[in-house]
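# Coordinate inspection notes
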Amino acid sequence: MEKIVLFSGAGISAESGLKTFRDPDGLWKRYSLEDLATPGAWSRNPSLVLEFYNARRRQLGEVEPNAAHRAVAELEEQFAVTVVTQNVDDLHERAGSTNVVHLHGQLNQARSTMDSDLILDLGFRDIVLGDLCPKGSQLRPNIVWFGENVNNLEVAAAAIEAADKVLVVGTSLSVYPAAGLIHHASAQAEKVMVSMDLDSEPQRFTWLQGKAAELVPAVVETWLSGG
Ligand code: BV8
C-alpha cells in the first residue's frame, strides 16, 4: 500500500470557522502570543491563559470538520495515511482519520503541571484554577507553548521520509522545528502544497494556491482514481 503523509496547519481548519494565527484576522494578530502561549505567560497570569484556551475549546465544540478533513480521511481507503498536524483541534479525528500525530498538543486534553505524562481527556470543558490532577497539582492545557519541546518529532520525520506522497495543507511554515519537517520528504515522493498564500516559494513542492476545502478534495480524488 502506498504511504501518504498529510502535514497540516491552521489553514486546513479555517473553513470550519477556526481562526488561523498569522492571517490578517489571525489569533497572533489580535493577541500577544507572549502573553498567552508561553510558560512565562502561564506563570504570570494562569487565569488569562486558561480563559484563552477555554474560549477556543468551547468554540471547537461548536464547529465541524470541513471537506478537506473529510477528503484526507477518505484517503485511508487506498493508502497508508499518517496525518502530521501542528493543529491542536480534533477535526482530523472527527472527520475519520485514524492515524493523527499531534506536534503541538491537543486542545481537548488537560495535563498535570507536576507530571507531563499525566494527560486527561477534557472534551470541550473548561479548565479553571483549582482543577487539580489526581496527584494534586493544577491542570494546564495539553498544548506545546513557545519555548517548550515539540511532541512526536521523530515519529513525524520518519513518516515523512517513508512517504510516497506528501501533501502539505494550510501552513505558513513559520514555526520551528515543525516547519522543518517538510524537508524530510524524499526526492522521489510526490510533493504538493496547498495554501492561500506563501511567504516563499517552497522548493521541491508543487504549490496549489487556494482554499483547502476546494483543493484538497480535488487532489484526493485524483490520487484515489490512480492519478
Ligand atoms: C521549540 C500551540 C525547543 C499554541 C503552537 C526564531 C527563529 C526561528 C524559530 C524560533 C525563533 N525564536 C524561537 C523559535 C522557536 C519557536 C518558533 O518557531 N517561533 C516562531 C514564532 C518564530 N518554536 C518553539 O518555541 C517550539 N519549541 O523550539 O522547542 C526549545 C526548547 C526550549 C527553549 C527554546 C526552544 C514550539 C512551537 C510550538 C508553539 N505552539 N501551537 C496554540 O495553538 O495556541 S505553534 C502555532 O503555530 C500553531 O500550532 C500553528 O499550527 C502553528 C503554525 O502556524 P500555522 O499552522 O502555519 O498557521 P498560520 O496562521 O501561521 O498560517 C496559516 C496558513 O494557512 C497560511 O499559509 C495561509 O495562507 C493558509 N490558509 C489560511 N486559510 C486557508 C489557508 N490555506 C488553505 N485554505 C484556507 N482556507
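Residues numbered from 1 in each chain as written. Predicted model: local features only at pLDDT ≥ 70, side-chain atom pairs only at ≥ 80, totals over all residues. Heavy atoms only, no water.

### A look at the site of the ligand
- In the vicinity of the ligand there are 36 residues, among which F21, R22, R56, G147 and S172 approach most closely.
- Contacts to the ligand include R56, whose side-chain N or O atom sits 2.6 Å from an oxygen atom.
- The separation between an oxygen atom of the ligand and a polar main-chain atom of G147 is 2.7 Å.
- Calculation on the ligand without its partners gives an accessible area of 1,500 Å², and the protein chains cover 76% of this total.
- Of the residues that constitute the shell around the ligand, the class distribution is 15 nonpolar, 14 polar and seven charged. (Near = heavy atom within 4 Å. Polar contact = N/O pair within 3.5 Å; in protein donor to acceptor, adjacent residues only side chain to side chain. Areas by Shrake-Rupley, 256 points an atom, 1.4 Å probe, with all protein chains shown as cover. Nonpolar A, V, L, I, M, F, W, Y, C, P; charged D, E, K, R; others polar.)

### A few points about the pairing of strand β8 (residues 190–195)
- Counting buried residues in β8 gives five out of six residues, a clear majority hidden from the surface.
- Where strand β7 (residues 165–169) meets β8, five bridges bridge the pair, whose relative direction is parallel. In the strand pairing of β8, V169 is matched with V194. (Buried < 20%, exposed > 50% of the residue type's maximum accessible area, 1.4 Å probe, protein only. Helix = DSSP H or I, 4+ residues; strand = E, 2+ residues; numbered from the N terminus. Pairing = 2+ DSSP bridges.)

### Thoughts on the sheet that holds strand β6 (residues 139–143)
- One open sheet accounts for three strands, arranged β5-β4-β6; its pairing is antiparallel. A strand with exactly one partner marks an edge of an open sheet, and here the two such strands are β5 (119–121) and β6. Across this sheet, the average inter-strand angle for adjacent strands is 45°, counted without regard to direction.
- Here strand β4 (residues 105–112) runs beside β5; their pairing, made up of three bridges, is antiparallel. Its bridge partner lying in β5, A110 is registered against L120. (Axes fitted to C-alpha atoms, helices over the stretch in contact; angles between N-to-C directions.)

### Thoughts on the packing of aromatic side chains
- According to the stated counting rule, one finds seven aromatic pairs in the structure shown.
- For the pair F21 and W28, a centre-to-centre distance of 5.2 Å together with 40° between the ring planes defines the contact as tilted.
- On the accessibility criterion, W28 (15% relative accessible area) is buried.
- Aromatic side chains Y31 and F52 sit 5.5 Å apart centroid to centroid with 70° between the ring planes, which places their arrangement in the edge-to-face category. Here the residue Y31 occupies a position in the loop between α1 (27–30) and α2 (33–36), and F52 occupies one in helix α4 (residues 46–60), the gap between them amounting to 21 residues.
- Here F52 falls in the buried class, since its relative accessible area comes to 8%. (Phe/Tyr/Trp six-rings, centres within 6.5 Å; stacked < 30°, edge-to-face > 60°.)

### Topic: α4
- Taking 1.5 Å per residue as the helical rise, α4 with its 15 residues ought to reach 21 Å, and the 21 Å between its terminal C-alpha atoms agrees with that figure.
- Listed as buried for α4 are V49, L50, F52, Y53, N54, R56, R57 and L60.
- Tucked inside the fold, the buried residues of α4 contact α1, α2, α3 (39–44), α6 (91–95), β4 and β6. (Expected span 1.5 Å × (residues − 1). Contact = heavy atoms within 4.5 Å.)

### Here's the deal with the side chain of S112
- In this structure, S112 sits in strand β4.
- Exposure remark for S112: the relative accessible area of 2% places this residue in the buried category.
- Once residues within four sequence positions are removed from consideration, S112 is found in contact with L118, C133, S137, Q138 and L139.

### Quick notes on the nonpolar core
- With 25 residues, the main nonpolar core has Y53 and W145 as its most contacted residues.
- Listed by contribution, the elements that provide at least two residues to this core are α1, α2, α3, α4, β4 and β6.
- Of the residues forming this core, the biggest block, five residues, is contributed by α4.
- With residues near it in sequence (within four places) discarded, Y53 still touches L36, A37, L107, P141, I143 and W145. (Core = buried A, V, L, I, M, F, W, Y, C linked by side-chain atoms within 4.5 Å.)

### Concerning the pattern of salt bridges
- For the coordinates displayed, the defined rule picks out nine salt bridges.
- Here D25 ties to K19 by a salt bridge, and the two come within 3.5 Å at their closest N and O atoms.
- Judged by relative accessible area, which is 34%, K19 ranks as partly exposed.
- A salt bridge links R140 to E148; its shortest N-O distance comes to 2.9 Å.
- We classify R140 as buried; its relative accessible area is 6%.
- The exposure class of E148 is partly exposed, given its relative accessible area of 21%.
- Residues participating in the shared-partner salt-bridge network are E2, K165 and E190. (Salt bridge = Lys/Arg side-chain N within 4 Å of Asp/Glu carboxyl O.)

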